[in-house]
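# Structural overview for review
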Amino acid sequence: MSDKGGKKHLEPKTVPALTKPRVSKTLRVTESVLDNGLKVIAVRKPGVPIVELRLRVPFLSAKAGHPARGALLAEAMLTGAADLDRAGLAAAIQALGADLSVSVDADRLVLGGNVLNTNLRHLLGLVGTVLTEPAYAKDEVATERDRMVEKLTIARARAGVVASEALAKRMWGEHPYAIDLAQPADVAAVTPAQLRSMHTSLMRPGTAVLVLVGDAAPARMVDLAAEALAGWSGTAAKARVPGLPTPPAGPLLVVDRPGSVQTSVRLARTALTRTDDGYPALQLANLIFGGYFSSRWTENIREDKGYTYGPHSRIDHHVLGSTLNLDVEVATEVTGPAMLETRYELGRIASLPVTEAELESVRQYAIGTLAMSTATQAGLASTLSAFSAFGLGLDWIKAHPGRLLATTVDDVSAAAAEFFAPSQFTGVVVGDAVSITGPLAALGAVES
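Now for a description of the structure that goes with this document. What you are looking at is a predicted structure, and each value in this text was computed from that prediction instead of being measured.

Reading the values: the criteria
- Residues numbered from 1 in each chain as written.
- Predicted model: local features only at pLDDT ≥ 70, side-chain atom pairs only at ≥ 80, totals over all residues.
- Heavy atoms only, no water.
- Buried < 20%, exposed > 50% of the residue type's maximum accessible area, 1.4 Å probe, protein only.
- Helix = DSSP H or I, 4+ residues; strand = E, 2+ residues; numbered from the N terminus.
- Pairing = 2+ DSSP bridges.
- Phe/Tyr/Trp six-rings, centres within 6.5 Å; stacked < 30°, edge-to-face > 60°.
- Lys NZ or Arg CZ within 6 Å of the ring centre and 35° of its normal.
- Expected span 1.5 Å × (residues − 1).
- Axes fitted to C-alpha atoms, helices over the stretch in contact; angles between N-to-C directions.
- Contact = heavy atoms within 4.5 Å.

Taking burial as the measure, the nine residues of strand E7 (residues 108–116) include seven buried ones, the bulk of the element. In this structure, strand E3 (residues 50–58) lies alongside E7, joined through nine bridges in antiparallel fashion. The residue of E7 that forms the bridge with Leu 55 is Leu 111. In this sheet, E7 lies alongside strand E6 (residues 99–104) in antiparallel orientation, the contact comprising six bridges. The residue bridging Leu 100 from the neighbouring strand is Gly 113, located in E7. As consecutive antiparallel partners, E6 and E7 are separated by three residues.

Written out as structure tokens, the structure reads:
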């Protein structure tokens, strides 16, 4: 319809109700432990004619220098193997219509990629060569070392990185999880010989998991892996890493960044793991608080107050434990008001019941995002690789929507009361201390 001026106005439309979650299709899966100790999980997922590969190797260690060496090893692993130099290895991968990359964190190293179905045997053969005959040539290591030092130096100039690192240090002290990024000076000191030694001691199949997802017979994929990786052997020594300490609550730590026009806020506390019976309720409570765009926290300090572009809360899962994390960047002049509203929303969800409408919205969101994250071959491969560290797999993924549907308002409210009280969070803010310390101190104890 239109008004007298000829301008058209659209009538509001009713959004249809969400349907019940569809029953996921049964996927063919084969799990096998090879003679060398490598666990292989192969899943047939019809679609494009490729296979996604994720090789997860445990990498947790408390040894001095480990973070720097591990980070550089991941960067340098694909710079040559056997008689192939960097260019030769890259050309061999490209000739297969494949992609291969390496990533690492405190828990694991993952060698991941994809390849045309018909070339899986050949890509696995290249992977086997990289695993058993790595080069770590002096010139290539030097190139990657210089590049990484530059990247780390640039990263450490960002307030968000400083805040995340300060929070990790405050929560975990001297534990390996406290090191979010390697120090540039430590990386600069790493030698090719040290990388070769680390590769020999840690890159072993005995505790590793290989995930293969694609439009191919699972048993055939397992056979190809067994054939290609037969020469990879050994079991890494068990990592001697202490358990996680209890993070301190108490005063908010202010890290000075003189002249900064923005403040980075990081709050965190321990959380439940995916295997805990109460995890579905905590997952949903987190979504209601700040885990998606229509969350309470977002509605308050983004939509209503305009203090930030986007706050976000999430649950991170590591081998030794899980954490509930809150991240937000705000302008310096609204640091105090933004923290006030953040604590208000934490207190509100911790002390007042959530509503049935809120629960239904986030429940459908959680079910939908899980389905989307595993809908593609790449998504399913990455999810299964991550879950393998906790002994979880397709059965957990298939059953989780039912657990979410069975979670009640009372369950979510109880989880919120237990995990969202403001006093239980460890907090760090990075910004211009002269400008932000006073307003923050008016809200509670701070230290610098």
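We now examine the packing of aromatic side chains. In the structure shown here, the tally under the stated rule is four aromatic pairs. Look at Phe 289 and Trp 297: their rings are 5.3 Å apart centre to centre, the planes differ by 25°, and that puts the pair in the stacked class. With respect to class, Phe 289 is no different from Trp 297; both count as buried. Pairing Tyr 292 with Tyr 365 gives two aromatic rings, centres 4.8 Å apart and planes at 45°, and the pair type is tilted. Taken together, the residues Tyr 292 in the loop between helix H9 (279–291) and helix H10 (296–304) and Tyr 365 in helix H12 (residues 356–373) connect sequence positions 73 residues apart. Classification of Tyr 365 as partly exposed rests on a relative accessible area of 35%. Aromatic rings pair up to connect Phe 289, Trp 297 and Phe 420 into one cluster. Over the face of the ring belonging to Tyr 309 we find Arg 302, whose NZ or CZ atom lies 4.9 Å from the ring centre.

Before going further, it helps to examine unusual backbone geometry. Phi is positive for Ala 82, close to 55°, though the residue is something other than glycine. Locating Ala 82 in the fold gives a position in the loop between strand E4 (80–81) and strand E5 (84–85). Judged by its relative accessible area of 41%, Ala 82 falls in the partly exposed class.

Here helix H3 (residues 120–132) contains 13 residues, and its C-alpha end-to-end distance of 18 Å stays within 8% of the 18 Å for a straight helix at 1.5 Å per residue. Residues Leu 120, Leu 123, Leu 124, Leu 126, Val 127, Gly 128, Val 130 and Leu 131 constitute the buried set of H3.

Read from one edge to the other, the open sheet built from six strands follows the order E1-E2-E8-E3-E7-E6, with strand pairing classed as mixed. This sheet does not close on itself; its edge strands, each paired only once, are strand E1 (28–33) and E6. Within this sheet the neighbouring strands show an average axis-to-axis angle of 10°, counted without direction. Of the strand pairs in this sheet, E1 and strand E2 (residues 39–44) are connected by six bridges, and their pairing is antiparallel. Within E2, the residue paired with Ser 32 across the bridge is Val 40. Across the sheet, H3 is in contact with E3, E6, E7 and strand E8 (209–214); its angle to E7 comes to roughly 150°.

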